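# Overview (structure and organization)
Chain by chain, the residues:
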Amino acid sequence: MAGQQSQSIQTLLEAEKEAAKVVQQARQYRVQRLKDARSEAAKEIEEYKKQKEAEFKAFEASHAGTTQAAQVSVDKETDAKQKEIRAQYEASKDKVVKKLLDRVVLVKPELHRNLHKVEA
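Please read all numbers here as calculations on a predicted model, not as lab measurements. (Residues numbered from 1 in each chain as written. Predicted model: local features only at pLDDT ≥ 70, side-chain atom pairs only at ≥ 80, totals over all residues. Heavy atoms only, no water.)

## Overview of the overall build of the protein
Of regular secondary structure, the protein possesses one helix and zero strands. At 48 Å, the protein has a C-alpha radius of gyration far larger than the 14 Å of a compact globule built from 120 residues. Once the C-alpha set of the protein is aligned to its principal axes, its extents read approximately 150 × 60 × 15 Å. Here the protein holds 120 residues, and the buried ones make up 0% of them. (Helix = DSSP H or I, 4+ residues; strand = E, 2+ residues; numbered from the N terminus. Rg over C-alpha atoms; globule rule 2.2 N^0.38 Å. Buried < 20%, exposed > 50% of the residue type's maximum accessible area, 1.4 Å probe, protein only.)

See below:
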């Protein structure tokens, strides 16, 4: 009976060791699957980033021409306005200088319109 008990205890110990090995293998398998999932997710994220960056560059390239065309148009319009302003300046500068000099040189002394004579 003692031999049978020791044999059954030995069988239980072996079964426990085998179960511990199975549990350890399951843990290692789970850890490995998590690592694989993380690396796969990182690859997918990187591919998605590259795809979106390529789309953005294509969009940017397709719209770069319109920006340059708009800039050229604005530059032409600005130059035309500047020429117009300079022409107006040249045409009226003599008149303005004459008016300023007349106001400064030809002074007519008058009483201010708000000043009232005080009668004593």
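## Things to note about a negative patch on the surface
A cluster of acidic residues, D36, E40, E44, E46, E47 and E53, forms a negative patch on the protein surface. Along the polypeptide, E46 turns up in helix 1 (residues 2-105). (Patch = residues over 30% accessible without salt bridge, like charges linked within 9 Å, V, L, I, M, F, W, Y side chains within 5 Å. Areas by Shrake-Rupley, 256 points an atom, 1.4 Å probe, with all protein chains shown as cover. Salt bridge = Lys/Arg side-chain N within 4 Å of Asp/Glu carboxyl O. Lys, Arg positive; Asp, Glu negative; His and termini not counted. Charge placed at Lys NZ, Arg CZ, Asp CG, Glu CD.)

## Quick notes on a positive patch on the surface
Together, K95, K99, R103 and K108 make up a positively charged patch on the protein surface. Assignment of secondary structure puts R103 in helix 1. With relative accessibility at 71%, the residue R103 sits in the exposed group.

## Quick notes on the pattern of salt bridges
If you walk through the whole model with that rule in mind, you get three salt bridges. The partner of K52 in a salt bridge is E55, and the shortest N-O contact between them spans 3.3 Å. With a gap of three residues between them, K52 and E55 both fall in helix 1, about one helical turn apart. Judged by relative accessible area, E55 falls into the partly exposed class, the value being 39%. Among the ionic pairs, K98 bridges to D102, the shortest N-O distance being 3.3 Å. Separated by four residues within a single helix, K98 and D102 lie in helix 1, roughly one turn from each other.

## Remarks on the UniProt feature "coiled-coil region" (unreviewed entry) in the protein
Per the UniProt record, the feature "coiled-coil region" (unreviewed entry) sits at residues 12-58. With 100% helix and 0% strand, residues 12-58 has end C-alpha atoms that lie 68 Å from one another. (UniProt positions renumbered as here; feature names shortened; annotations may be inferred.)

## Focus: a nonpolar patch on the surface
Taken together, the side chains of V97, L101, V104, V105 and L106 present a nonpolar region at the surface, about 510 Å² in accessible area. Within the secondary structure, V105 sits in helix 1. A relative accessible area of 60% means that V105 is categorised as exposed.

## A short note on the environment of A91
As for its placement among the helices and strands, A91 is situated in helix 1. Residue class for A91 comes out exposed when judged on its relative accessible area of 56%. For the pair A91 and V107, spaced 16 residues apart in sequence, the C-alpha to C-alpha distance is 27 Å.

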